[in-house]
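Read off the chains here:
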Amino acid sequence: MPGIHRLKKDEPKAAKLGKRLSDGGGLFLHVRDKGAKYWAVQVTIKAAYGRGKRIEMGLGRWPDVSLDRARSLAGEARTLARNGVDPRDARRKILHTGQTFAEICELAFEARKAELKGDGKAGAWMSPLRIHVLPKMGNTPVKDVHQNDIVDALKPLWHTKADTARKAMNRIGLVLKHAAAMDLEVDLQATDKAKALLGKTRHVAKNIPAMQWQEVREFYQGLGDDVIDLALRFTVLTGQRSRAIRMAHVDQIKGNVWTIPAENMKGQKGKTSDFRVPLSTEAMRVLYACSLRGGYLFPGGRKAAIISDMAMSMRMARMGLEAKPHGFRTSLRTWLAECTDAPHEVAETCLAHASGSAVVDAYRRTDFLGQRAVLMERWADHVTGGTGAAVKLAEAG
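Residue numbers restart at each chain and count upward from 1, following the sequence in its written direction. A pLDDT threshold of at least 70 governs which residues receive local features in this predicted model, and a stricter bar of 80 or more applies before side-chain atom pairs are shown or counted, although totals over entire chains, interfaces and linings include all residues. For side-chain calculations, the full set of non-hydrogen atoms in the structure is used, while hydrogens and water are omitted.

**A closer look at the nonpolar core**
Part 1: Side-chain atoms within 4.5 Å are what join buried Ala, Val, Leu, Ile, Met, Phe, Trp, Tyr and Cys residues into a set we call a nonpolar core. For each residue, the accessible area found with a 1.4 Å probe, counting protein chains only, is set against the maximum for its type, and the residue is called buried under 20%, exposed over 50%, and partly exposed in between. Among the nonpolar cores identified, the biggest contains 51 residues, and Phe234, Trp258, Phe298 and Trp379 are the most heavily contacted of them.
Part 2: To qualify as a helix, a DSSP run of H or I must reach at least 4 residues; to qualify as a strand, a run of E must reach at least 2; elements of each kind are numbered from the N terminus. Ranked by the residues each element gives to this core, the list is headed by helix H10 (residues 227-238), at seven residues.
Part 3: Among the nonpolar cores identified, the runner-up in size contains 33 residues, and Leu129, Ala168, Val175 and Leu176 belong to it.

**A few points about the side chain of aspartate 86**
Part 1: Within the secondary structure, aspartate 86 is located in the loop between helix H2 (67-82) and helix H3 (87-96).
Part 2: What qualifies as a polar contact is a pair of N or O atoms within 3.5 Å, subject to a donor-acceptor requirement within protein and to the restriction that residues adjacent in sequence count only when both atoms come from side chains. At a separation of 2.8 Å, a polar atom in the side chain of aspartate 86 contacts the side chain of arginine 88.
Part 3: Any two residues having at least one pair of non-hydrogen atoms within 4.5 Å are treated as being in contact. Sequence-distant contacts of aspartate 86, defined by excluding residues within four places in its chain, comprise Ile45 and Ile55.

**Thoughts on the sheet that holds strand S3 (residues 37-45)**
Part 1: Note: two strands are recorded as paired if DSSP finds a minimum of 2 bridges between them. Strand order across the open sheet formed by four strands is S1-S2-S3-S4, with antiparallel pairing between neighbours. This sheet does not close on itself; its edge strands, each paired only once, are strand S1 (20-24) and strand S4 (53-62). Sheet twist, expressed as the average angle between the axes of neighbouring strands with direction ignored, equals 25 degrees.
Part 2: Where S1 lies against strand S2 (residues 27-31), four bridges are found, and the strand directions are antiparallel. Across the sheet, arginine 20 pairs through a bridge with histidine 30, a residue of S2.
Part 3: The strands touched by H2 are S1, S2, S3 and S4; relative to S3, the strand with the most contacts, the crossing angle is about 20 degrees. Throughout, an axis means a line fitted to C-alpha atoms (over the contacting stretch in the case of helices), and angles, computed between N-to-C directions, take values from 0 to 180 degrees.

**Points about the sheet that holds strand S7 (residues 275-278)**
Part 1: The strand order across the open sheet built from three strands is S5-S6-S7, with neighbouring strands paired in antiparallel fashion. Two strands bound the open sheet, and with one partner strand each, they are strand S5 (253-254) and S7.
Part 2: Pairing between S5 and strand S6 (residues 257-260): two bridges, direction antiparallel. In the strand pairing of S6, lysine 254 is matched with valine 257.
Part 3: Across the sheet, helix H17 (residues 369-383) lies against S6 and S7, angled at about 40 degrees from S7, the strand it touches most.

**Considering unusual backbone geometry**
Part 1: Omega for the bond connecting tryptophan 62 with proline 63 falls within 30 degrees of zero, at 10 degrees, which places this linkage in the cis form.
Part 2: Within the chain, histidine 5 stands out as a residue other than glycine whose phi angle is a positive 60 degrees.
Part 3: Tracing the chain through its elements places histidine 5 in the segment before helix H1 (11-14).
Part 4: Assessed through its relative accessible area of 46%, histidine 5 is described here as partly exposed.
Part 5: Of note, the phi angle at alanine 352 is positive, near 60 degrees, even though the residue is not glycine.
Part 6: Position of alanine 352 among the secondary structure elements: in the loop between helix H15 (344-350) and helix H16 (358-363).

And the structure:
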């Protein structure tokens, strides 16, 4: 090619700040701030029709990349461009070819953080991968991931921990899709093939153990007033999930209404909203009994901000109970069904469940706070030893 290799061997070293030296054929040496020198090449990518696309691609820093090496890289870029290939894409493939499944996994996680609550700091998205997948196939180049690798990783839990295995399989698929988006050659059908090899799971899902609603009264009256027992009381009285209870803060309470922030509710980030919970007289009593630290209703031990996610479960286990804290939601829902005339949508809203289609929910813009307040007051009456085994909303006024 005429007009190339114009620079002399000593010119890159002698180049001054602000200079742009041309070696011909689109190869340049840029001298940037503080004297740093970088090679770049300009090429036109041939198009099938019409004018091609002009691009500039960096080739590296001088003297790490010598003049001869820069000329060689520029020549390769020109050849690719003449064949209609973007040299940046070709280089990207070369750079990422050896990346492992674990490395792409981290990139995929970073890309999804924005849609995860708390930017995924709780670890729920990565946990199935870190525990069950990465120890076995994390060092495998992502382009070499085979359905047999996935089978080997998930077979031990496929029939015993089906939900965990399902989540892990889902995450593997997302990591492979991320690799494909990086233009890496991966088998996007690997997860489907692995499912076929693993077969239908024999695992039978079990409901979380729960107390009969008639038994909750005795349990409640046997609780004390330490921080964990107060958290259990609040769980029983409000019917809310453990995370919301543990993260409850005095700033979320206005009068006798507790507003749970969206980030503490179950559901995808951006698709959940704040949720109002009416507090009964008994729930307010529990609230006043809390020893606030840092504003949290249920602070943890050893200066931890909040109680751990296992604190309430362990307390119930030490009491010899099979039931779990989450099961009180079942107890409340069963009581609502058997002892009240609460409409389905009101009863479901007590537990912050969606009770209709997206269209129905879009038009029904109420959270039934007043009706729920009546129900929760009577539920509190029941668990504290009152007569609240029946309530008619129509008669509640």
